[in-house]
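Reading the structure
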Amino acid sequence: MKSYCTAAVFALITSALSPATASAEDCANRGQLDDAYCDANRDLVADIPAKTRDPSVIVFAYTPVEDPALYENAFKPFTEYLGKCMDKRVVYYPVQSNSAEIEAMRSGRLTVAGFSTGPVGFAVNMAGAVPFAAKGTEKGLEGYNLIVIVKKSSPFQKLSDLKGKKFAHTAPSSNSGNLAPKALFPEQGLKPGEDYPIIYSGGHDKSALGVDSGDYDAAAVASDVFERMIARGTLKADDFRIIYRSETFPSSGFAYAHDLKPELAEELKKCFYDFRFPPEMQKDFEGDDRFFPITYLKDWAIVRKVAEDSGTPYNKAAYEKEAAREAEAAKKKAEQPKKP
């Protein structure tokens, strides 16, 4: 099964797709979902609408926590398998930002996608995404920690040492890169935004590289991303010191569009659950060898609590603010002169 990733192909195969909506008068309970969706059964995700779809092409995306090209290659064995399993063409679409991925799901252009931990909540509430799987092993769900890294040669030993320093967060919607620090650091004697100005780097890899280059004194990053960078040789473990490690959070969640034909959604889930990662994928994903079943209600409870406690609930106002910030960052990046 050949995987295509160009915008032109993507536009052609998505032109016939459109999101389903749920009118206000037909919805007994919506909770935090956008007006386009309903949650009558109160499982916190969008219900199946009256009008469903069975796309001829499966469009798959994965969270842009690192260079999207890295993940297109990492997931190639799976996307090839998925095409054969579902007897459909599979297209990998490399999204450039969290908001772009969420908008693609909301507009009906994505069939299934992996969202990073924090943005899962926005994908559910703003785009009708239905989380159903996460990477794991036979022991269960994969997890990761929020870690704070500093240069090994630096004098910093604890979080309170970082008052007034250059401390990188990743993006406002990121769980480990922003929300968890806001919720968890104060009890460690450090208040983000008060004890230090928050600098958004744009990604976990960018934060880690910034500490390595000296642009930042410290960074809050996801442990799994940091470990992948070490494993690939992008960073050297001996150059860093971890001065904080949180409890374990669930890792990226895979979700399908709520308006898929129920039979198609069930087939999709079975294909995910039956797949076993080949050696190259296990290496890329730190030993994970399968997709483990999850529900948003149960497995993302701790993430929702962090979002609420940090004052950043997964609502429309917070999402629009984050989308605007990402758009501005992308504009500034495009305006920068290209290196020769």
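Just above sits the structure.
Conventions and cut-offs
- Residues numbered from 1 in each chain as written.
- Predicted model: local features only at pLDDT ≥ 70, side-chain atom pairs only at ≥ 80, totals over all residues.
- Heavy atoms only, no water.
- Helix = DSSP H or I, 4+ residues; strand = E, 2+ residues; numbered from the N terminus.
- Rg over C-alpha atoms; globule rule 2.2 N^0.38 Å.
- Buried < 20%, exposed > 50% of the residue type's maximum accessible area, 1.4 Å probe, protein only.
- Contact = heavy atoms within 4.5 Å.
- Areas by Shrake-Rupley, 256 points an atom, 1.4 Å probe, with all protein chains shown as cover.
- Phe/Tyr/Trp six-rings, centres within 6.5 Å; stacked < 30°, edge-to-face > 60°.
- Lys NZ or Arg CZ within 6 Å of the ring centre and 35° of its normal.
- Disulfide = S-S within 2.5 Å.

1. Observations regarding the overall build of the protein chain
The helix and strand tally for the protein chain stands at 13 helices and twelve strands. Computed over its C-alpha atoms, the radius of gyration of the protein chain comes to 20 Å, within 12% of the 20 Å expected for a compact globule of 340 residues. The buried share of the protein chain, reckoned over its 340 residues, is 54%. Relative to all contacts within the protein chain whose residues are 6 or more apart in sequence, the contacts with residues 24 or more apart total 76%. When the accessible area of the protein chain is evaluated, it comes to approximately 15400 Å², of which 51% is carbon and sulfur surface.

2. Brief notes about the packing of aromatic side chains
To describe a pair of aromatic rings, you give the distance between the ring centres and the angle between the ring planes. One pass over the structure, following the stated rule, counts 32 aromatic pairs. On the numbers, 4.7 Å between centres and 65 degrees between planes, the contact of Tyr62 with Tyr71 is edge-to-face. Note on accessibility: Tyr62 and Tyr71 belong to one class, buried. The ring centre of Tyr296 lies 4.9 Å from the NZ or CZ of Arg304, which sits over that ring. Positioned above the aromatic ring of Tyr200, the side-chain terminus of Arg325 is 5.3 Å from the ring centre.

3. Quick look at the state of the cysteines
Within this structure, the stated rule accounts for two disulfides. Between Cys27 and Cys38 runs a disulfide, and the two sulfur atoms are separated by 2.1 Å. Judged by the sign of its S-S torsion, about 95 degrees, the bond between Cys27 and Cys38 is right-handed. Of this pair, Cys27 sits in the loop between α1 (7–14) and β1 (57–62) while Cys38 sits in the loop between α1 and β1, placing them eleven residues apart in sequence. Of the two residues, Cys27 and Cys38, both sit in the buried class. A sulfur-sulfur distance of 2.0 Å marks the disulfide that ties Cys85 to Cys271.

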